[in-house]
Amino acid sequence: MTDVTHAVTQSALEAFTREYLNNLGAAIREDGNRWQVRLPTHVDVDFSDRREFEITLDGEKRDQGEDSVCVLTPESEFTQQLLDEAAAMATVGQLALTDTMIDDDYRYPLWIVESDVEVVDAAFSPYYDRTAICVFVRIDVETVSEYQTQFLEAVTIDVESNDQLPGVTEILVDEFFSPKSDWRDDVTVGSDQSDVTIAPDKLANAITTGQKAAVEGVQEEIDEIRQSASHAADSEFEEYRQLQEQRINDHRSEIDALSNRLQNLSTDVDDADSQQQRVEALEKRRELKAEKEDLETELEELLQKKEQGYAQKQREIYRRHAIEVNTKPSAFTLVTYERGEIEFTVGNSDRTDTVRAPYAIGAGVTDEVHCESCNTQLSEENSISMVAGRLGCQSCW
């Protein structure tokens, strides 16, 4: 599984739903995993046809006969309806991520995290703004052998470069929707004056890239579903093959039995006491002979199909068990985020030094950084290091 996408967690979903319902003017009485919701009379929603309804936060605990209870989980149909309606009411949300929002909580690159030095200080200098789009993507996986499986993934894509920004997604999903977040009030929500204008083709490309990334994010789960469907197809084909083997054996047994009966009828014809008995025996022999010829023809067809490995039936079964993956972008948020340069002051107990890197709020270090001493690219394996008061990297020493 890649870390490009970010699964929409239950807590984030609950926080979003709670706020969305509050904005609608709904009254919510929470009792553990159950919410009693009462909508105001002037609100008309599609996700519920009643003013008062119940939400359960755990679909598995919904009792029998509680079909009217809405299940709020990332994979539930109610959640999709809720997101669809929220997206329809506010087609594209907009916010800006700035340095002031993260409270110096910068994302350190692995070439610092894995190093033997500590970050004493970090200072970010914003140079310009870039725009990305965070897309909530619904992924439906359909097979004939499994119930439809749904995923809800969030992914953020820079609209200019189509680069994926998992850090921004993590901030939006885990912190923006977190009920414990204390910086939400600082978020700059888009207004008529600050709305970002994006070329439609660039926006479409970014959304398409996001859909593909979302599928990649759950590829491991999709592969498991595909493997399960393949096993189901294998089982069905094996069952069919065994059935055909049984038919072949049955045909052979019936043909042998008919051969014996025909042999006996030939004796009856020769030993008939009367012309009528002889005619009756001949008629019966003719019927059994025709029956035996039909069975032999069917047996020949069965043997031919067996020799061919039942290829046509095999294709039919595996085609029917093939999985179909569909994606649907459910909600969008345009994110303006600052890009610039960050200066890390790093060191040990003896001395400190500085290292600079291109940086984006939410995204972290955006480009390759090379060691100032040996010009080797810094990485998790080639982290920075300080030896004898001099800052370098693992390749320097």
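Parameters and conventions
Residues numbered from 1 in each chain as written. Predicted model: local features only at pLDDT ≥ 70, side-chain atom pairs only at ≥ 80, totals over all residues. Heavy atoms only, no water. Salt bridge = Lys/Arg side-chain N within 4 Å of Asp/Glu carboxyl O. Buried < 20%, exposed > 50% of the residue type's maximum accessible area, 1.4 Å probe, protein only. Helix = DSSP H or I, 4+ residues; strand = E, 2+ residues; numbered from the N terminus. Core = buried A, V, L, I, M, F, W, Y, C linked by side-chain atoms within 4.5 Å. Contact = heavy atoms within 4.5 Å. Pairing = 2+ DSSP bridges. Disulfide = S-S within 2.5 Å. Phe/Tyr/Trp six-rings, centres within 6.5 Å; stacked < 30°, edge-to-face > 60°.

S.K.: How would you summarise the pattern of salt bridges if you had to cite specific residues and measurements?
M.R.: Side-chain pairs of opposite charge can arise where the charged atoms are in close proximity. Applying the stated criterion to the full structure yields 17 salt bridges. The salt bridge involving Asp140 is made with Arg138; its shortest N-O contact spans 3.2 Å. Each of the two residues, Asp140 as well as Arg138, counts as buried. Glu283 serves as the salt-bridge partner of Arg286, at 2.0 Å between the closest nitrogen and oxygen. Within this pair, Arg286 and its partner Glu283 are both found in helix H7 (residues 275–307), separated by 3 residues, close to a single helical turn.

S.K.: Give a detailed account of the nonpolar core, specifying residues and quantitative values.
M.R.: Phe47, Ile55 and Leu97 are the most contacted members of the largest nonpolar core, which totals 60 residues. Per-element tally for this core: the top contributor is strand S10 (residues 324–347), with 6 residues. Those residues in contact with Ile55, other than ones at most four positions away along the chain, are Leu21, Asn33, Arg34, Trp35, Val37, Val69, Cys70, Leu72 and Phe78. By size, the runner-up hydrophobic cluster in this structure holds 22 residues, among which are Val135, Ile139, Val159 and Ala206.

S.K.: Which residues make up the sheet that holds strand S5 (residues 70–71), and what are the values?
M.R.: Here 4 strands make up an open sheet; going across it, the order is S2-S3-S4-S5 and the pairing mixed. The sheet is open, and its two edges are formed by strand S2 (27–31) and S5, each paired on a single side. Where strand S4 (residues 52–56) lies against S5, 2 bridges are found, and the strand directions are parallel. From the neighbouring strand, Ile55 faces S5, where its bridge partner is Cys70.

S.K.: Which residues make up the state of the cysteines, and what values do they have?
M.R.: Within the structure shown, the criterion is met by 0 disulfides. No disulfide involves Cys393; its sulfur sits 3.4 Å from the nearest other cysteine sulfur, which is in Cys374. Judged by relative accessible area, Cys393 falls into the buried class, the value being 0%.

S.K.: How would you summarise the packing of aromatic side chains if you had to cite specific residues and measurements?
M.R.: Evaluated as defined, the whole model comprises 4 aromatic pairs. Judged by centre distance (5.7 Å) and plane angle (80°), the ring pair of Tyr106 and Tyr359 falls under edge-to-face. Linking Tyr106 in the loop between strand S6 (92–97) and helix H3 (110–113) with Tyr359 in strand S11 (residues 352–360), this pair joins segments that are 253 residues apart in sequence. For the pair formed by Tyr106 and Tyr359, the shared burial category is buried. These aromatic residues form a ring-pair network of at least three members: Tyr106, Phe124 and Tyr359.

S.K.: Requested: an account of the pairing of strand S14 (residues 390–393), with residues and values cited.
M.R.: In the sheet, strand S13 (residues 384–387) pairs with S14 via 4 bridges, with the strands oriented antiparallel. From the neighbouring strand, Ile384 faces S14, where its bridge partner is Cys393. Hairpin connection of S13 to S14: 2 residues between the antiparallel strands, including Ala388 at a positive phi of 50°.

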